[in-house]
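Letter by letter, the chains look like this.
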Amino acid sequence: MSSAVLIDFEQIYQVRGNKVSSSAQFDEYASYFKQASREIKAEWNNFSSEQRDALRDFAYSLIESTEEVTGFLDILKAKIYLLFLNLTSQRESYDACIDAIDFLVDTILDCIEQNDPEYQAVLSDTLEELRLNYERIPEVKPEDSSAWLRNIFDKAIAEV
């Protein structure tokens, strides 16, 4: 059985391209992206390989587009847009929408990693190493524990 989650990619490109200028629209899109993230996480195992590949390609395309070097005019345009959002008290809604897009991308990447046998092997080995060497684990504050664990897993993945 195959499932589908409808993602309006145009909405994401509108937000990322600074073409949205309404708090209500930012809030609507953020809600939509969060819902899509929940559906992807819940239905990942029911997706066809083509659907998974399409989501993977989409996530990587968003990551790559944020890493591209932009020209002076693009930077100026973005700064003017942010100034407009600040002056019209829409910055909070905009930031929430961007966070929802980032969460969507992270959800897709997490689903990909969780189904990767090599990732699972590294994760198991890393957790076993932590269990066996618990006395060497530094004291970590609860609010820092997630970042600390992610750092350990990232190092382990990089070694593979």
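Note that the coordinates shown come from a computational prediction; the quantities given were computed from them, not determined experimentally.

Details of helix H2 (residues 23–43)
Right, so step 1: Its 21 residues place the ends of H2 30 Å apart at the C-alpha level, agreeing with the 30 Å of an ideal helix rising 1.5 Å per residue.
Right, so step 2: Along H2, the residues that are buried comprise Phe26, Tyr29, Ala30, Phe33, Ala36, Ser37 and Ile40. Taken down its axis, H2 places every buried residue within 125° of arc, on the same side. Residues of H2 that are exposed and point over 90 degrees away from its buried face: Ala24, Glu28 and Ala42.

Details of a nonpolar patch on the surface
Right, so step 1: A cluster of nonpolar side chains, contributed by Phe72, Leu73, Leu76 and Ile80, occupies part of the molecular surface with about 460 Å² of accessible area.
Right, so step 2: As for its placement among the helices and strands, Ile80 is situated in helix H4 (residues 72–87).

Details of the pattern of salt bridges
Right, so step 1: In total, this model carries three salt bridges according to the counting rule given.
Right, so step 2: We note a salt bridge from Arg56 to Asp53, for which the minimum N-O separation is 3.1 Å. A residue pair is termed a helical-turn pair when its members lie 3 or 4 positions apart in one helix, as Arg56 and Asp53 do in helix H3 (residues 49–67) at three residues.
Right, so step 3: Taking the relative accessible area as the measure of exposure, Arg56 reaches 29% and is therefore partly exposed.

Quick notes on H4
Since one α-helical turn is 3.6 residues long, residues separated by three or four positions face the same way.
Right, so step 1: For H4, with 16 residues, the first-to-last C-alpha span of 22 Å sits near the 22 Å given by 1.5 Å per residue.
Right, so step 2: Once H4 ends, the next one or two residues include Ser89, with phi positive near 55°.

Quick look at the packing of aromatic side chains
Right, so step 1: Counting across every chain of the model gives five aromatic pairs.
Right, so step 2: Residues Phe26 and Tyr94 carry aromatic rings whose centres are separated by 5.5 Å and whose planes lie at 75° to one another, so their mutual orientation is edge-to-face. Note that Phe26 is positioned in helix H2 and Tyr94 in helix H5 (residues 91–114), a separation of 68 residues in sequence.
Right, so step 3: Classification of Phe26 by relative accessible area gives buried; the value is 0%.
Right, so step 4: Put simply, the rings of Phe26, Tyr81 and Tyr94 pair up and form one aromatic cluster.

Here's the deal with the nonpolar core
Right, so step 1: Ranked by internal contacts, the top residues of the largest apolar core, which has 28 residues, are Ile12, Val15, Ile40 and Leu104.
Right, so step 2: Only helix H1 (9–16), H2, H3, H4 and H5 provide two or more residues apiece to this core.
Right, so step 3: Ranked by the residues each element gives to this core, the list is headed by H5, at 10 residues.

A look at the side chain of Ser37
Right, so step 1: With respect to the secondary-structure elements, Ser37 resides in helix H2.
Right, so step 2: Overall, the relative accessible area of 1% leaves Ser37 in the buried class.
Right, so step 3: There is a polar contact of 3.5 Å between the side chain of Ser37 and the backbone nitrogen of Leu104.
Right, so step 4: Residues within four places of Ser37 in sequence aside, it is in contact with Ala100, Phe103, Leu104 and Thr107.

So, how was this worked out
Each chain carries its own residue numbering, running from 1 in the written order of its sequence. In keeping with the predicted nature of the model, local features appear solely for residues at pLDDT of at least 70, side-chain atom pairs appear and are counted solely at 80 or more, and the whole-chain, interface and lining totals rest on all residues. Here the side-chain values reflect all heavy atoms present in the structure, with hydrogen atoms and water set aside. Secondary structure counts use DSSP, requiring at least four H or I residues in a row for a helix and at least two E residues in a row for a strand, with both numbered from the N terminus. For a helix, the expected span equals 1.5 Å multiplied by the residue count minus one. Here the term buried applies to any residue with accessible area under 20% of the maximum for its type, exposed to any over 50%, and partly exposed to those in between, with areas from a 1.4 Å probe on protein chains only. The arc in question is the one traced by the directions running from the helix axis out to the C-beta atoms. Note that patches include only residues with greater than 30% relative accessible area and no salt bridge, and the join distances are 9 Å for like charges and 5 Å for nonpolar side chains (Val, Leu, Ile, Met, Phe, Trp, Tyr). The Shrake-Rupley method, run with a 1.4 Å probe sphere, supplies the accessible areas, and residue values consider only the shown protein chains as cover. One side-chain nitrogen of Lys or Arg within 4 Å of one carboxyl oxygen of Asp or Glu is enough to make a salt bridge. Stacked, edge-to-face and tilted are the three classes for Phe, Tyr and Trp ring pairs, Trp counted by its six-membered ring, which pair at centre distances within 6.5 Å; planes under 30 degrees apart are stacked, over 60 edge-to-face, the rest tilted. Nonpolar cores are built from buried Ala, Val, Leu, Ile, Met, Phe, Trp, Tyr and Cys residues. Side-chain atoms within 4.5 Å join them into one set. Whenever a nitrogen or oxygen atom comes within 3.5 Å of another N or O atom, the pair is scored as a polar contact, on the condition that within protein one atom can donate a hydrogen and the other can accept it, and that pairs from neighbouring residues in sequence are kept only if both atoms are in side chains. Any pair of residues with heavy atoms lying within 4.5 Å of one another is described as a contacting pair.

All quantities given are derived from atomic positions and should not be read as evidence of function.
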